[in-house]
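# Residue-level structure breakdown
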Amino acid sequence: MTQATAPAARREPTSPPATQKDGRTAERSLGRRLLARPEIGALIAAVAVYVFFFAVAPAFRDVGALSTVLYQASVMGIMAIPVALLMIGGEFDLSAGVAVTTSALTASMISFQLSMNVWTGVIVSLVVALAIGAFNGWLLVRTGMPSFLITLGSFLILQGANLAVTKIFTGNVATDSISDMQGFDQAKAVFGSEVSIGGVGFKITIFYWLFFAGIATWLLLRTKFGNWILAVGGNKESARAVGVPVNFTKIALFMGVGAGAWFVGMHLLFSFNTVQSGEGVGNEFLYIIAAVIGGCLLTGGYGSAVGPVIGAFIFGMVSQGIVYANWNPDWFKAFLGVMLLLAALVNLWVRRQATRR
C-alpha cells in the first residue's frame, strides 16, 4: 500500500530585484535636459532684455524697429558664429574685427585700382581672407603658441597694413567709391540688398545670418567634424590619441573665421560703396562677447551655434533699445558690460542646475 505524498507547495514567482538608480543612471527630466543646453541662459537673458525695452521704449514695439534690431544683430551674428565655433575648439581670434575691413579694402582697391569687374575683387578678397585664417591656424599648430598672442600679432599687422596701403593707393584713409563699376549692382544684390515683407524692409544679411546658423548647428551636432571641434576644445591631446586630426580642425576653424570676415566685409563694401581703413577695431571683442553670452566657455569644449545668434540678438536689442528709449548712447558699452556679467552668471547657474543630481 502506497503512501500518499503531500502536494508540493506552490512557489510564488519572484520579481526581479528592483534596480536602484543613482544620480549617474537616473533619466533626467525634460527641464534638466533643457537646462543642459548651452544657449538656454542666453535665451532667458534675451527674453528679459526684450521685455524690458518693450516696456520702457514705445518706439521699440514697432515692426520697423525690429527690422533695425535684426540688422544690427545679423552683421555681428554672422561673425559671431564662426568665432563661437573657434572658441568651442579652444582658440581665440583677435584679428577677426580688422580682418573684416581687410577683406572689404582688398575687394575695393583691386577692383578700382586695376579697373576690373568688382567680382574679381570679391574673389581675390576671399582668397586673402582664407589665407589670413590659414596663416593664423598654421602658425598655431606649428609653434604651439597661444592663439591669443598669434592673433594679437595678426591684429596689429592688419590694422597697420589697412591704413598704410589705403593711403598709398588712394591718398587718404578711405577707398574710392566703386558704385559705378561693372558688376557692382549684381554684387550689391547678393551682399547688400533688402527684402520687403509686409511693407517693411529687412536687410538680406538677416536671412544669411539665420541660414549660416542653421548650417553651423548641423555641422556641430550632426557631422564628424562637429565631434572633432568639441573633442579638440575639450582636450586636444586626448582627441589626438583617438585619431582626431587636431591640426586640420584648428586650421579649418581659423579659415572659417576668415570666411565670415570676408562675407561681412563684402556686405559693408556693397552697402556703403566705400570703406574706412580704420574700421573694425574692437569688434573682435563684440564677437567674443556674443559667443560668451550665448553659452560658449572661454576654456573651450562647450557651446552651440544657436547661442551666439541669441547673443548677437541681445546686442542688437541693447544697441537700438537705448536709442529708442532716448537714453544717452554713451552708456551703451556700460550696459553691454552689465549684460555680459549677468549672462555669464546666468549661464553658470544654469549649468550648475543642469548637473545637480
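In what follows, the accompanying structure is described. Within every chain, residues take consecutive numbers counted from 1 along the sequence as written. It should be noted that, the model being predicted, local features are given only for residues of pLDDT at least 70 and side-chain atom pairs only at 80 or more, the latter also being counted only at that level, while totals for whole chains, interfaces and linings use all residues. Side-chain metrics in this entry use all non-hydrogen atoms of the structure; hydrogen atoms and water are not considered.

## What to know about empty space enclosed by the protein
Condition: Detection works on a 1 Å grid of protein atoms alone, calling trapped sets that fit a 1.4 Å probe cavities and calling open sets with protein on both sides within 12 Å along at least five of seven lines pockets, with lining residues defined by an atom within 4 Å of a point. Grid points are joined across faces, edges and corners, and a volume is the space filled by probe spheres set on the points. Here a helix means four or more residues in a row that DSSP labels H or I, a strand means two or more in a row labelled E, and each is numbered from the N terminus. Under the scheme applied here, ten amino acids are nonpolar (Ala, Val, Leu, Ile, Met, Phe, Trp, Tyr, Cys and Pro), four are charged (Asp, Glu, Lys and Arg), and all others, including Gly, are polar.
Evaluation of the coordinates by the stated rule reveals two cavities of 30 Å³ or more. Of the volumes computed, that of the largest cavity is approximately 40 Å³. Lining of the largest cavity is provided by Asp93, Ser95, Ala99, Ala129, Ile132, Gly133, Phe254, Val257, Gly258 and Ala261. When residues of the lining of the largest cavity are traced back to their parent elements, those giving at least two are helix 5 (118-143) and helix 11 (246-272). A per-class count over the lining of the largest cavity returns six nonpolar, three polar and one charged.

## What to know about the pattern of salt bridges
As a reminder of what qualifies: The salt bridge criterion pairs a side-chain nitrogen of Lys or Arg with a carboxyl oxygen of Asp or Glu, the two atoms within 4 Å. Three labels apply to residues, based on accessible area from a 1.4 Å probe with only protein chains included: buried if under 20% of the type maximum, exposed if over 50%, partly exposed otherwise in between.
The tally for this structure, following the rule as stated, stands at two salt bridges. In this structure, the salt-bridge partner of lysine 250 is glutamate 91, at a minimum N-O distance of 2.6 Å. With lysine 250 in helix 11 and glutamate 91 in the loop between helix 3 (63-88) and helix 4 (96-113), the pair connects residues that are 159 residues apart, well separated along the chain. For lysine 250, a relative accessible area of 4% corresponds to the buried category.

## Side note on the layout of surface pockets
Taken as a whole, the largest pocket holds about 430 Å³ of empty space. As for the largest pocket, its lining consists of 19 residues, of which Val75, Val264, Leu268, Asn283 and Tyr287 are closest to the centre. Its residues assigned to classes, the lining of the largest pocket shows 12 nonpolar, six polar and one charged. Estimates place the volume of the second largest pocket at around 350 Å³. Taken together, 16 residues form the lining of the second largest pocket, with Ile81, Pro82, Leu85, Ala216 and Gly256 sitting closest to its centre. At six residues, helix 11 tops the list of elements feeding residues into the lining of the second largest pocket. A breakdown of the residues in the lining of the second largest pocket according to their chemical character gives 14 nonpolar, two polar and no charged.

## Quick look at the nonpolar core
The following threshold applies: What makes a nonpolar core is a set of buried Ala, Val, Leu, Ile, Met, Phe, Trp, Tyr and Cys residues whose side-chain atoms join them at distances within 4.5 Å. Pairs of residues are marked as contacts when any of their non-hydrogen atoms sit within 4.5 Å.
Counting 86 residues, the largest nonpolar core has Met79, Val83, Phe191, Trp209, Phe270, Ile314 and Val318 as the members making the most contacts within it. For this core, the element with the highest residue contribution is helix 3, accounting for 14 residues. Every residue in contact with phenylalanine 270, bar those within four places of it in the chain, is listed here: Val118, Val122, Ile178, Phe184, Ala187, Lys188 and Phe191.

## Quick notes on the side chain of glutamate 284
Put simply, the rule is: Within 3.5 Å is the distance limit for a polar contact, defined as a pair of N or O atoms, with the added protein rule that one can donate a hydrogen and the other accept it, and that residues adjacent in sequence qualify only through two side-chain atoms.
On the secondary structure map, glutamate 284 appears in helix 12 (residues 283-293). Within the structure, the side chain of glutamate 284 is placed 3.2 Å from the backbone nitrogen of glycine 282, a separation counted as a polar contact. Discounting residues that sit within four places of it in the chain, glutamate 284 has contacts with Asp93, Leu94, Ala96, Gly97, Val98 and Phe155.

## A few points about helix 12
With nine of 11 residues buried, helix 12 lies mostly within the body of the structure. Looking at helix 12, one finds that the buried residues are Glu284, Leu286, Tyr287, Ile288, Ile289, Ala290, Ala291, Val292 and Ile293. Phi for glycine 295, located one or two positions after helix 12, is positive at around 105°.

## What to know about the pairing of strand 1 (residues 194-197)
Here is the rule we go by: Pairing between strands requires that DSSP locate at least two bridges from one strand to the other.
Note: strand 1 against strand 2 (residues 200-203), four bridges, orientation antiparallel. The residue bridging serine 196 from the neighbouring strand is glycine 201, located in strand 2. Counting the residues that bridge the hairpin from strand 1 to strand 2 gives two residues, and of these glycine 198 lies at a positive phi of roughly 60°.

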